[in-house]
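# Reading the structure
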Amino acid sequence: LCKWVYEQTDNNETLANLSDWFINIPLQILLVVVIALVLTRLSKRWVARLVQRLLAPKTNPTDHLGKVGIDVPDTFAAPPDPRRASRVESASVVLTSTIIVVIWVIATLMIFGIAGIQLAPLLAGAGIAGVALGFGAQSLVKDCIAGLFMLLEDQYGIGDVVDLGEAVGVVEEVSLRTTVLRGIDGTVWHVPNGVVQRVGNRSQLWSVAVIDIDVAYDTEIDRARQLLQRAADEVCARDEFTATIVEQPKVLGVEALGADGVTLRLLVKVEPGTQWDLQRSLREHVKAVFDESAVEIPFPQRTVWMRTERDDQSPAPS
């Protein structure tokens with residue numbers, strides 16, 4: 001095109017160069033934009049598939065049957081996990097956004113270079129701005145990175161009862177920067193993910209109802225264990241708890257020898273988040289069974305010495 005314009009304009013170099021600039025430069029810019037759009041579309045698909053594989057659940061037996069060509073009925077297929085779907089979506093959005101930003105930053109720099117704009121001042125200014133932004137937003141970056149790993153590792157999700165240190169409650173919202181908890185007293189806690197040093201998840205996969213019951217020292221331990229086991233079996237057999245019991249109750253035995261009595265420990269493995277209702281019912285029924293069987297739940301016992309005005313000034317017990 002440049003040569004044709006040069007010949008048609010009686011060897012006018014200025015018009016030839018302008019024609020080259022107005023045609024060649026826009027075509028190169030258009031090519032860069034198209035490539036960036038294609039990479040953006042492909043990155044969305046690749047990242048979604050990659051995250052799907054990274055966060056995939058453990059292989060089910062039905063998966064092996066499907067691989068060898070055996071059709072598995074839908075009733076035997078694993079049910080969809082909404083929590084896993086939420087994790088996949090959140091992680092995909094974060095990684096995809098990061099990759100898209102990198103793609104378009106590179107494309108923008110290439111467009112500036114094609115247009116003849118000097119990149120050295122821009123890169124120098126961007127470096128200074130990046131350092132300033134890094135100092136000002138380092139806590140924000142820390143929160144986002146911690147939130148990303150929290151999602152990838154499935155430390156907790158919406159509906160879980162977690163202990164994040166001073167904040168304990170039910171998870172209501174999980175974002176890349178913060179976690180929102182609601183305590184038992186209704187307090188809403190907004191916890192930045194970057195300040196979470198440890199996570200105690202009380203409702204993941206399964207939970208345990210732990211009951212410690214004290215009996216007096218003169219109580220026959222074997223009889224107390226039998227009564228405690230009977231009371232636990234009766235409570236777990238109720239219709240309101242049968243669907244939540246994972247393993248039958250088990251009396252471990254003597255847990256401690258305290259100052260006022262002997263501590264017996266009872267464990268019941270249950271569905272996540274159902275241990276608190278079961279613990280309250282167990283304590284109530286154990287109290288009724290012990291009262292019926294005349295098993296004493298101890299109270300503090302002390303020996304008090306009263307000092308009198310006797311000549312020897314020796315204490316007299318009372």
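Everything below is about the structure shown above.
All of the points below concern the structure found in this document. (Residues numbered from 1 in each chain as written. Predicted model: local features only at pLDDT ≥ 70, side-chain atom pairs only at ≥ 80, totals over all residues. Heavy atoms only, no water.)

## Considering the packing of aromatic side chains
Stated precisely, the cut-off is as follows: Only Phe, Tyr and Trp rings are paired, with Trp represented by its six-membered ring, and only when their centres lie within 6.5 Å; those with planes under 30 degrees apart are stacked, over 60 edge-to-face, the remainder tilted. Counting as a charge over the ring demands two things of the Lys NZ or Arg CZ atom: a distance within 6 Å of the ring centre and an angle within 35 degrees of the ring normal.
Summed over all chains, the structure comprises zero aromatic pairs. Note that Lys269 overlies the ring of Trp206, its terminal NZ or CZ placed 4.0 Å from the centroid.

## Concerning the sheet that holds strand S7 (residues 250–257)
Rules: Two strands are said to pair when DSSP picks up at least two bridges between them. Strands here mean DSSP runs of E at least two residues long; helices mean DSSP runs of H or I at least four residues long; both are numbered from the N terminus. To obtain each axis, a line is fitted to C-alpha atoms, and for helices this fit is confined to the stretch in contact; angles are then taken between N-to-C directions over 0 to 180 degrees. In what follows, residue pairs with any heavy atoms lying within 4.5 Å of each other are defined as contacts.
Spatially, three strands are ordered S6-S8-S7 in an open sheet, and the strand pairing comes out antiparallel. Every other strand in the sheet has two partners, leaving strand S6 (207–215) and S7 as the edge strands with one partner each. Recorded for the sheet is a direction-independent mean angle of 25° between the axes of neighbouring strands. With nine bridges joining them, S6 and strand S8 (residues 262–270) adopt antiparallel strand pairing. From the neighbouring strand, Asp212 faces S8, where its bridge partner is Arg265. Relative to S8, helix H7 (residues 221–236) is tilted by about 25°, and along the sheet it contacts S6, S7 and S8. Helix H9 (residues 275–292) rests against S6 and S8 of the sheet, and its axis sits at about 25° to S6.

## Here's the deal with H9
Here is the rule we go by: Here a helix's expected span is defined as the number of its residues, less one, multiplied by 1.5 Å. Accessibility here uses a 1.4 Å probe with only protein chains present; expressed as a share of the type maximum, an area under 20% marks a residue as buried, one over 50% as exposed, and anything in between as partly exposed. By construction, the arc corresponds to the directions joining the helix axis to the C-beta atoms.
Compared with an ideal rise of 1.5 Å per residue, which puts 18 residues at 26 Å, H9 spans 26 Å between its outermost C-alpha atoms and is within 8% of the ideal. Every buried residue belonging to H9 is among Gln275, Leu278, Gln279, Ser281, Leu282, His285, Val286, Val289 and Phe290, and all of these are buried. Angularly, the buried residues of H9 cover 165° about the axis, an arc narrow enough to put them on a single face. Of the surrounding elements, those touching the buried residues of H9 are S6, H7, helix H8 (239–242) and S8.

## Here we look at the nonpolar core
Our working rule: For the purposes of this section, nonpolar cores are sets of buried Ala, Val, Leu, Ile, Met, Phe, Trp, Tyr and Cys residues that join through side-chain atoms within 4.5 Å.
Core analysis: the biggest nonpolar cluster contains 25 residues, and Leu228, Leu266, Val268, Leu278, Leu282 and Phe290 have the highest contact counts within it. Listed in part, the 10 residues of the second largest apolar core include Met150, Leu151, Val162 and Val191.

## Considering the environment of Gln226
For Gln226, the position within the fold is in helix H7. C-alpha of Gln226 to C-alpha of Val251: the two residues are 25 residues apart in sequence and 8.7 Å apart in space.

## A short note on the environment of Ile117
Its place among the elements puts Ile117 in the loop between helix H4 (82–114) and helix H5 (119–136). Excluding residues within four positions of it along the chain, Ile117 makes contact with Phe112 and Leu122.

## Considerations on the packing of H7 against H9
Going by this rule: Put simply, angles under 35 degrees are roughly parallel, angles over 145 are roughly antiparallel, angles from 65 to 115 are roughly perpendicular, and the rest are oblique. By the definition used in this description, the sense in which the near helix is turned from the far one sets the handedness, with an anticlockwise turn below a right angle giving left-handed and a clockwise turn giving right-handed. Only Asp, Glu, Lys and Arg are considered charged, only Ala, Val, Leu, Ile, Met, Phe, Trp, Tyr, Cys and Pro nonpolar, and every remaining residue, Gly among them, polar.
At their nearest, the axes of H7 and H9 sit 9 Å apart, and the two run at 135° to each other. The pairing of H7 with H9 is recorded here as oblique in orientation. Judged by the sense of rotation from one axis to the other, the crossing of H7 with H9 is right-handed. Residues Ala224, Leu227, Leu228, Arg230, Ala231, Ala232, Glu234, Val235 and Cys236 of H7 pack against Leu278, Ser281, Leu282, His285, Val286, Val289, Phe290 and Glu292 of H9. Here the residues of the contact of H7 with H9 are counted per class, giving 12 nonpolar, two polar and three charged.

Geometric values such as these leave the question of function open.
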